[in-house]
Amino acid sequence: MSEEMRDVVRSVARAFPTAIISGRGREKVEAFVQLKELFYAGSHGMDIAGPRIDANGCQGSGNEFVTAFQPAAHFRPLIDDIYIQLQQRLKEVPGSSVEHNNFCVSAHFRNCPGEAWQDVISAVEELVAQHDDLRMTRGRKVVEVRPKVDWHKGTALSHLVDALGLAQEPDVVAIYVGDDHTDEDAFRTLEETRRGFGILVSTRAKPTRARYTVRDPACVKDFLSGIVEWSKSDNNGWRAKPCCNGWSMNGSAAAGSGPEEAMQQ
Ligand SMILES: O=P(O)(O)OC[C@H]1O[C@H](O[C@H]2O[C@H](CO)[C@@H](O)[C@H](O)[C@H]2O)[C@H](O)[C@@H](O)[C@@H]1O
């Protein structure tokens, strides 16, 4: 993550509750992003943590994160075992690699020569077939083993909205930005619950449940900067709150339009 992107994400998180929801293990994402203002959901949302909140609902002064929710915690021993087994099975497949993401395991084939990627998929399929409580999902040049629980990036997003007490708030709009196949779960959830909208990051036109598309991370940064500017305007109802669940108000009032208008700029 560039420093410019980190700065703008920090500014967004200081204005509104902001989360990173990723397929990676949570601590990897935290180490990569390095922002204590955020909520983090690793393992496709199966490992959720956020900043410590004090009794008044304000963000505490410490840097420590509070682990808030791990809906597949009991799967951890099985996932550890699957990681070892997959390493064993794929050690002869050139270019393959296996990654432990806490509550799921990724088998990568991005660097496989020729048709070797098919061996990766076959190995994962065979392993998953031996366990009724596991399923295989696909990402970009990666297949993953996940617990068969009804939990994904979309349910994690809904959980955060509920847990932060925002579900009943009028005029709250959740915005989810993502570029991966697995982000479609969150786009779909927002569309179905009408809690907000998704933004797909892609240079190619493709089927998506996201309402909008932007080309690349530079466009995402511009959009987030627009959100930060809008947050300073009188149109932002959160400005009336002294503090709330991990964000605090700062910056001066400025004329601005809504998030959707920022999207279209
Ligand atoms: O954060 P997400 O969009 O949910 O991505 C989750 C995956 O992230 C990592 O894979 C991605 O980066 C790899 C290179 O570092 C690339 O080969 C892969 O195509 C990308 O999806 C992570 O390695 C995977 O385990 C996660 O599933």
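What you see is a predicted model; the values in this text were computed from it and never measured. For every chain, the first residue of the written sequence is number 1, and numbering continues from 1 along that sequence. Only residues with pLDDT of at least 70 get local features here, since the model is predicted, and only at 80 or more are side-chain atom pairs given and counted; chain-wide, interface and lining totals rely on the full set of residues. Only heavy atoms go into the side-chain values, all of them from the structure, while hydrogens and water stay out.

S.K.: Before we move on, could you go through the overall build of the chain and cite the residues and values that matter?
M.R.: Helix and strand assignments follow DSSP, with helices taken as H or I runs no shorter than four residues and strands as E runs no shorter than two, numbered in order from the N terminus. The secondary structure content of the chain amounts to 8 helices and 13 strands. The cut-offs for exposure are 20% and 50% of the maximum accessible area for each residue type, with area from a 1.4 Å probe on protein chains only; residues under the lower value are buried, those over the upper are exposed, and the others partly exposed. Here the chain holds 265 residues, and 48% of them are scored as buried. The long-range fraction of contacts in the chain, counting pairs at least 24 apart against all pairs at least 6 apart in sequence, stands at 50%. For the chain, the exposed area adds up to about 13,300 Å²; of that, 48% sits on carbon and sulfur atoms. Only heavy atoms matter for contacts: two residues are in contact if any of them lie within 4.5 Å across the pair. The Shrake-Rupley method, run with a 1.4 Å probe sphere, supplies the accessible areas, and residue values consider only the shown protein chains as cover.

S.K.: Outline the domain arrangement of the chain, supporting the account with residue identities and numerical values.
M.R.: The domain architecture assigned to the chain consists of domain 1 (3-71 + 151-233 + 244-264) and domain 2 (74-147). Listed by partner, the interface residues are 18 residues for domain 1 and 14 residues for domain 2. As used here, buried area is the combined drop in accessible area, with a 1.4 Å probe, of two parts when they are placed together. Of the roughly 1,100 Å² buried where domain 1 meets domain 2, counting both sides, 43% is carbon and sulfur surface. Looking at the side of domain 1 facing domain 2, the largest losses of area belong to Lys 28, His 44 and Met 46, adding up to 34% of the total buried there. Definition used for salt bridges: Asp or Glu carboxyl oxygen within 4 Å of a side-chain nitrogen of Lys or Arg. Across the contact surface, domain 1 and domain 2 share 3 salt bridges. Put simply, Glu 99 and Lys 28 hold a salt bridge, and the shortest N to O gap is 2.8 Å. Counted as a polar contact is a pair of N or O atoms within 3.5 Å, where, for protein atoms, one must be capable of donating a hydrogen and the other of accepting one, and residues adjacent in sequence contribute only when both atoms are in side chains. Seen at the junction of domain 1 and domain 2, the total is 9 residue pairs in polar contact (both at pLDDT 80 or more). Broken down by element, the side of domain 1 that touches domain 2 gets its largest block of residues, 3 residues, from helix α2 (residues 26-33). The domain boundaries here were taken from an automatic or database domain assignment.

S.K.: So what's going on with the pairing of strand β6 (residues 105-108)? Residues and values would help.
M.R.: At least two bridges found by DSSP between two strands are what make those strands a pair. As judged from the 4 bridges shared by strand β5 (residues 97-100) and β6, these two strands associate in the antiparallel manner. Bridge pairing in β6 links Ser 97 to His 108. Following β5, the chain reverses through 4 residues before pairing antiparallel with β6; Asn 102 in that reversal takes a positive phi of roughly 75 degrees. Across 4 bridges, the pairing between β6 and strand β8 (residues 142-147) is antiparallel. The partner of His 108 across the bridge, within β8, is Val 142.

S.K.: Describe the nonpolar core, listing the residues and the values that go with them.
M.R.: To qualify as a nonpolar core, a set must consist of buried Ala, Val, Leu, Ile, Met, Phe, Trp, Tyr and Cys residues joined through side-chain atoms within 4.5 Å. Counting 69 residues, the largest nonpolar core has Ile 82, Leu 86, Leu 90, Val 120, Leu 134 and Leu 224 as the members making the most contacts within it. Here this core gathers at least three residues from each of two domains, domain 1 (3-71 + 151-233 + 244-264) and domain 2 (74-147). The contacts of Leu 90, once residues within four sequence positions are left out, are Ser 96, Val 98, Ala 107, Asp 119, Val 120 and Ala 123.

S.K.: Give me the lowdown on the site of the ligand, citing residues and values where you can.
M.R.: In these notes, residues near a molecule or strand are those with any non-hydrogen atom within 4 Å of it. Near the ligand the following residues occur: Ser 22, Gly 23, Arg 24, Glu 99, Asn 101, Ser 106, His 108, Arg 110, Arg 140, Glu 144, Lys 153 and Asp 180. A distance of 3.4 Å separates an oxygen atom of the ligand from a polar side-chain atom of Arg 24. Take Arg 110: an N or O atom from its side chain is 2.6 Å from an oxygen atom of the ligand. Surface burial for the ligand is 77%, taken as the share of its 560 Å² of free accessible area covered by protein chains. Here the shell around the ligand gathers at least three residues from each of two domains, domain 1 (3-71 + 151-233 + 244-264) and domain 2 (74-147).

S.K.: Which residues make up the sheet that holds strand β7 (residues 134-139), and what are the values?
M.R.: An order of β5-β6-β8-β7 is seen for the 4 strands of this open sheet, with the pairing classed as antiparallel. Two strands bound the open sheet, and with one partner strand each, they are β5 and β7. Neighbour to neighbour, the strand axes of the sheet diverge by 20 degrees on average, direction disregarded. Axis definition: a line fitted to C-alpha atoms, over the contacting stretch in the case of helices. Angles run 0 to 180 degrees between N-to-C directions.

S.K.: Which residues make up the state of the cysteines, and what are the values?
M.R.: Cysteine sulfur atoms are paired as a disulfide whenever they come within 2.5 Å of each other. The full count for this structure, using the stated rule, is 0 disulfides. No disulfide involves Cys 112; its sulfur sits 19 Å from that of Cys 104, the nearest cysteine. What makes Cys 112 buried here is its relative accessible area of 12%.

S.K.: Describe the packing of aromatic side chains, listing the residues and the values that go with them.
M.R.: By convention here, two paired aromatic rings are described through the distance between centres and the angle between planes. Here a Phe, Tyr or Trp ring, Trp counted by its six-membered ring, pairs with any other such ring whose centre lies within 6.5 Å, and the pair is stacked when the planes are under 30 degrees apart, edge-to-face when over 60, and tilted otherwise. Going through the model one piece at a time under the given rule, you end up with 5 aromatic pairs. When the centroid spacing of 6.1 Å and the interplanar angle of 35 degrees are considered together, the rings of Phe 109 and Trp 117 count as tilted. Using a relative accessible area of 14% as the deciding quantity, one classes Phe 109 as buried. Centre to centre, the rings of Tyr 176 and Phe 187 are 5.8 Å apart; their planes meet at 85 degrees, and the pair counts as edge-to-face. Taken as a pair, Tyr 176 in strand β9 (residues 174-178) and Phe 187 in helix α6 (residues 184-193) lie far apart in primary sequence, 11 residues in all. One exposure class covers both Tyr 176 and Phe 187, and it is buried.

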